[in-house]
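The primary structure of each chain is shown beneath.
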Amino acid sequence: MANINRLSMRRPGGYGVLTFEPLGILEEHDTFTCPHCNKVCIVRPGSGTHRGFCFRCNGPTCGGNRCQVCVPFERKLEAMENRYRLHRLMERG
Amino acid sequence: MAGARYSASGNQTLTTTFTTALTVGSNATTAQRNFITSFLFGNEGTPADLVSVWTAQRVTALGTATLVTATKRDPADRVAQAACGENHSVEPTYTAAEEVHESPINHRGTYRWMAMPGDEIVTPATVGAGIGFKALHASAVTDFRAEAVWVE
């Protein structure tokens, strides 16, 4: 994981690598995926970005207003798929 | 995660409005969940020292695009079920406020993201639902490219 002492989180959900060839710059960072909206968030210590933590999902959230209330993303996926199935049934008559 | 792994890449020309380089989503007949495990953004040709914001966002319709044949990571797997498109002439229908990732990237740089198992970007099993990768710039007209790896 990216710079284990300073930049990483304990249990990252992903890893990002930014390369800038002309200057040979390589930036690495950990990411986590919001358990409520599935957004990939970059971990930048000291950035001042407000994140949240869900004690039911036991993980950090993106901090967005819609993610303050715990609705796991899996439940949202199921709702989308159920709506789709209902539409298909109604189309068939 | 069990499942077959595929990859696809697509390109598009930068304009002053968002244009889409690649979409990965469920095809028109058989819907399945796609788990995006990795993606890569970059520019082609001779890019200048400029910065674009890259966005990966959910779509509910894949728009009109040049068909991209997904590459099987394991030759023994079946052909990918997901529909992939590049160089869109009609933009996909993006879901408002459903950006799953945004990165400002210098045109001379590349960005790759990889998910840990269980933290992939998941798309619902509904026809046309997927992820689109798009970018814009106020003046540059170079080509940009996105690549995605997913499990289905």
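See the structure printed just above.
Residues numbered from 1 in each chain as written. Chains lettered and ligands numbered in written order. Predicted model: local features only at pLDDT ≥ 70, side-chain atom pairs only at ≥ 80, totals over all residues. Heavy atoms only, no water.

As a further point, take the interface of chain A and chain B. Counting residues at the interface gives 29 residues for chain A, matched by 29 residues for chain B. Counting the surface lost from both chain A and chain B, the interface buries some 2,300 Å², and carbon and sulfur atoms represent 54% of this. Of the charged contacts, one joins Arg33(B) and Glu81(A) as a salt bridge, the two residues approaching to 2.7 Å between their closest N and O atoms. Classifying every residue of the side of chain A that touches chain B by side-chain character gives 14 nonpolar, eight polar and seven charged. Pairing geometry for strand E1 (residues 14-20) of chain A and strand E9 (residues 109-115) of chain B, over seven bridges, is antiparallel. Considered in E9(B), the bridge of Val17(A) is made with Arg112(B). (Contact = heavy atoms within 4.5 Å. Buried area = accessible area lost by both parts, 1.4 Å probe. Salt bridge = Lys/Arg side-chain N within 4 Å of Asp/Glu carboxyl O. Nonpolar A, V, L, I, M, F, W, Y, C, P; charged D, E, K, R; others polar. Pairing = 2+ DSSP bridges. Helix = DSSP H or I, 4+ residues; strand = E, 2+ residues; numbered from the N terminus.)

A few words on the packing of aromatic side chains. Residue and element names in this part refer to chain B. This model, assessed by the stated rule, comprises nine aromatic pairs over all chains. Through a chain of ring-to-ring contacts, the aromatic side chains of Phe39, Phe41, Trp54, Tyr111, Trp113, Phe133 and Phe144 assemble into a single cluster. Against the face of Phe18 rests Lys134, its NZ or CZ located 4.5 Å from the ring centre. Sitting over the face of the ring of Tyr94, Lys134 holds its NZ or CZ atom 4.0 Å from the ring centroid. (Phe/Tyr/Trp six-rings, centres within 6.5 Å; stacked < 30°, edge-to-face > 60°. Lys NZ or Arg CZ within 6 Å of the ring centre and 35° of its normal.)

For the rest of this paragraph, the subject is the nonpolar core. Core analysis: the largest hydrophobic core is formed by 33 residues, its most contacted members being Phe39(B), Phe41(B), Ile121(B), Phe133(B) and Trp150(B). For this core, the leading source of residues is strand E12 (residues 143-151) of chain B, giving four residues. Membership of the second largest hydrophobic core comes to seven residues, among which are Phe32(A), Cys41(A), Val43(A) and Cys62(A). (Core = buried A, V, L, I, M, F, W, Y, C linked by side-chain atoms within 4.5 Å. Buried < 20%, exposed > 50% of the residue type's maximum accessible area, 1.4 Å probe, protein only.)

What follows is about unusual backbone geometry. Residues and elements named next belong to chain A. Phi angles above zero are rare outside glycine, and Asn38 is one such case at about 70°. With respect to the helices, strands and loops of the structure, Asn38 is situated in the loop between strand E2 (25-33) and strand E3 (40-42). One non-glycine residue, Asn58, lies in positive phi territory at about 55°. Inspection of the secondary structure puts Asn58 in the loop between strand E4 (52-54) and strand E5 (59-61).

Another point: the state of the cysteines. What the rule picks out here adds up to zero disulfides over all chains. Cysteine Cys41(A) shares no disulfide, and the gap to the nearest cysteine sulfur, in Cys62(A), comes to 5.3 Å. (Disulfide = S-S within 2.5 Å.)

Residue and element names in this part refer to chain A. The terminal C-alpha atoms of helix H1 (residues 73-92) lie 29 Å apart, and with 20 residues this matches the ideal 28 Å at 1.5 Å per residue to within 8%. All buried positions along H1 are accounted for by Phe73, Leu77, Glu81 and Tyr84. Viewed along the axis of H1, the buried residues span an arc of 75°, placing them on a single side of the element. Seen from the open side of H1, the exposed residues pointing more than 90 degrees away from its buried face are Leu89 and Met90. (Expected span 1.5 Å × (residues − 1). Arc of directions from axis to C-beta.)

Attention now goes to the pattern of salt bridges. The full count for this structure, using the stated rule, is eight salt bridges over all chains. As a salt-bridge pair, Arg58(B) and Glu98(B) come within 3.7 Å of each other at their nearest N and O atoms. With a gap of 40 residues between them, Arg58(B) in strand E4 (residues 51-61) and Glu98(B) in strand E8 (residues 93-106) connect regions that are remote in the sequence. When its relative accessible area of 4% is taken as the criterion, Arg58(B) is described as buried. We note a salt bridge from Arg78(B) to Glu152(B), for which the minimum N-O separation is 3.0 Å. With Arg78(B) in the loop between strand E6 (71-72) and strand E7 (83-90) and Glu152(B) in the segment after E12, this pair connects stretches of sequence that are 74 residues apart. Overlapping salt bridges bring together Arg66(A), Arg58(B) and Glu98(B) as one network.

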